[in-house]
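Architecture and fold: a report
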Amino acid sequence: MAAKTIISRPIYGTLSPQAGKHHLFVADAEGALAIKDMAARAPAGFFDGAEIVFIAGPDGKYVAALEALEPAQLHIAPSFASLLPRLKQTLTNAHMGLRLYLAGTEGLIGQAMQVALEAGIDHTSMQTEHRGSLARRMQCVHCKGITENVTTQPATCSHCGLLLLVRDHYSRRLAAFQGVCINAEDRSEIPPMEEIFR
Amino acid sequence: MSTGTTKLDVVVSDVVPVNDLVTRFHFRRRDGELLPTFSGGAHVVVEMRDGERTRLNPYSLMGSPLDTREYTISVRRDDVGRGGSLFMHRSVKPGLEMVISYPVNLFSLDLRAKKHLMLAGGIGITPFMAQTAQLAGEGGNFELHYTCRTASLGTYADLLRERYGRRVRLYHDDLEERIDLDRLLSSQPLGTHLYVCGPAGMINWVRDRAAALGWPQETVHYEHFAAPQPGLPFDVRLAVSGKTIRVGSQQSLLEAIEAAGVDPPYLCRGGVCGQCETNVISCDGKFIHNDHWLSEEEHRSGRKIMPCVSRFEGRSLVLER
């Protein structure tokens, strides 16, 4: 569970069924279990108006659990990049009354939220629940490159190679935590690297 | 003491009858300077010095925010109210020097919206006059649905149709034209924000339907200035200032507190902004809550009151003021 440190560090809730005409879920990995748990609290017929977009991962684990909810549509995607055109299309054609539910890793929640913000949904209107890895999506503030699945502190920028302090400072617009050079004064100073975002 | 506002010394530059019930008032600064900038949805509190009495009533600014040479308000005559609107209609003439507050906006546009859907009822049209002018100037996407009793009481309906054409849709009660609200709310593109201003019943209806149809509460904006209602006189003990006051039947509790020389904070004087929220120390009787600020739970608790619009009936009331 993410703890609030500075104001921009996102905190996530527990999915809860909202009033609405259409329900769009975007989830990865263990996020499927958050949807399953929410289903136990949802009114009868809730999933008749629901679409679930799920990044299943190589083992296809949890797909059966989502199928069992009998949503109006279930779309299995291999990666976030591959589901992006579909998600954008759905949001472009959507009307007020669509409710958005994001569940799974921080990277997935953040990137789906980024697309939804552009479509005009306020971040406070979205239901979110964090499940699974705490690995971070990080932007190097120096070269602006994004490094996915950062688990260590400090972390190496996969673009420019600088050693970066992974801050709690988060950008909803970029869907990334900010990474700042940790040894700018003296590059020969290499602090120990620990795996802390598991 | 009005929190965060300073007073503006103005002169009435024009008084224009609009229809049987509504009159428009124009104000300019006495020193000839421009008035402060405001945004669509803002209101000012107008001080009405009527002999011994001073009334302070909020009115939405209805002119274009792009023009600050003058402020304009439209006042609907209320023959059974406490007399503020009657004072405006009967006693305010061009050339009269008045004092108004700086503008305050408790009903502003959310400019992140992809589209603005506006619902007005009756004199609730006034904030939308300013908001539509603001959005039209910026090329904003809006649609206005305006319900009025009859065509002749459709204040500014013709002007709005002339300015914005099909972006304005009129509904006349006498012709039994009704908004198909569920259909309207269900057909709006994602990213639309909803604004409603009109009678309390209309606001509640729209808010309820919007919530049921899945509009997040962040996207639903409303404003309803409750006018202070007349009622039975009652006595109040002000514990902090050590005074006991009587609230007259035509006076609001806030006005009675001010008349006793105590200067509580206020902003809207219409039960909306929350500035004058006052703690109840003890009471024996029942509250008549008329505000839109406190939650239902707070209303039931009997521990808070909004003195601008709410009253009390009973044996004793002690306030932390």
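Residues numbered from 1 in each chain as written. Chains lettered and ligands numbered in written order. Predicted model: local features only at pLDDT ≥ 70, side-chain atom pairs only at ≥ 80, totals over all residues.

**Things to note about the interface of chain B and chain A**
Counting residues at the interface gives 17 residues for chain B, matched by 17 residues for chain A. Only helix H4 (181-186) and helix H5 (200-212) of chain B provide two or more residues apiece to the side of chain B that touches chain A. When grouped by side-chain class, the residues that make up the side of chain B that touches chain A number 9 nonpolar, 6 polar and 2 charged. (Contact = placed C-beta atoms within 7 Å. Helix = DSSP H or I, 4+ residues; strand = E, 2+ residues; numbered from the N terminus. Nonpolar A, V, L, I, M, F, W, Y, C, P; charged D, E, K, R; others polar.)

**A closer look at the pairing of strand S8 (residues 115-121) of chain B**
Residues and elements named next belong to chain B. Extensive coverage of S8 is indicated by the burial of 6 of its 7 residues. As paired elements, S8 and strand S11 (residues 192-197) share 6 bridges and run parallel to each other. Within S11, the residue paired with His 116 across the bridge is His 193. Pairing of S8 with strand S9 (residues 142-148), which is carried by 6 bridges, proceeds in the parallel orientation. By the bridge assignment for S9, Leu 119 is matched with His 145. The parallel pair S8 and S9 is bridged by helix H2 (residues 126-137), and the resulting crossover is right-handed. (Buried ≥ 20, exposed ≤ 12 C-beta atoms within 10 Å, placed from the backbone. Pairing = 2+ DSSP bridges. Right-handed = clockwise from strand over helix to strand, strands pointing away.)

**Regarding the sheet that holds strand S12 (residues 220-223) of chain B**
Residues and elements named next belong to chain B. Judged by pairing direction, the sheet is parallel, and its 5 strands sit side by side in the order S10-S9-S8-S11-S12 without closing on themselves. The strands lining the two open edges of the sheet, one partner per strand, are strand S10 (168-172) and S12. With direction set aside, neighbouring strand axes in the sheet form an average angle of 15°. (Axes fitted to C-alpha atoms, helices over the stretch in contact; angles between N-to-C directions.)

**Re the environment of Val115(A)**
Residue and element names in this part refer to chain A. By the secondary structure assignment, Val 115 is in helix H4 (residues 106-118). Each C-alpha atom of the pair Val 115 and Glu 70 lies 26 Å from the other, and the pair is 45 residues apart in sequence. If we skip the residues at most four places from it in the chain, Val 115 touches Leu 84, Leu 87, Lys 88 and Leu 91.

**Side note on helix H1 (residues 31-39) of chain A**
Residue and element names in this part refer to chain A. Within H1, the full set of buried residues consists of Gly 31, Ala 32, Ala 34, Ile 35 and Met 38. Seen from one end, H1 has its buried residues packed into an arc of 160°, which puts them on one side. Looking at the buried side of H1, the elements it contacts are strand S1 (22-28), strand S2 (50-55), helix H2 (63-67), strand S4 (98-104), H4 and strand S5 (127-130). (Arc of directions from axis to C-beta.)

**Structural notes on the sheet that holds S2(A)**
Residue and element names in this part refer to chain A. The sheet built from 5 strands is open, its strands ordered S3-S2-S1-S4-S5 with parallel pairing. Taken across any chain shown, the strands that pair with only one partner, and hence form the sheet edges, are strand S3 (73-77) and S5. Between one strand axis and the next, the sheet turns through 10° on average, direction left out of account. Across 5 bridges, S2 lies against S3 in parallel orientation. Its bridge partner being in S3, Val 53 is matched across the sheet by His 75. Across the sheet, H1 lies against S1, S2, S4 and S5, angled at about 145° from S1, the strand it touches most. Seen against the sheet, helix H3 (residues 80-93) touches S1, S2 and S3 and runs at an angle of roughly 160° to S2.

**Remarks on the nonpolar core**
Ranked by internal contacts, the top residues of the largest apolar core, which has 123 residues, are Phe25(A), Ile35(A), Leu102(A) and Val196(B). The residues touching Leu102(A), leaving out its near neighbours within four places in the chain, are Val26(A), Ile109(A), Ala112(A), Met113(A), Met126(A) and Thr128(A). (Core = buried A, V, L, I, M, F, W, Y, C linked by C-beta atoms within 7 Å.)

**Here we look at the domain arrangement of chain A**
Residues and elements named next belong to chain A. We note that the domain assignment places domain 1 (22-130) and domain 2 (136-195) within chain A. Distance from the C-alpha centre of domain 1 to the C-alpha centre of domain 2: 29 Å. Among the residues making up the side of domain 1 that touches domain 2, the classes are represented as 2 nonpolar, 5 polar and 1 charged. (Domains from an automatic or database assignment.)

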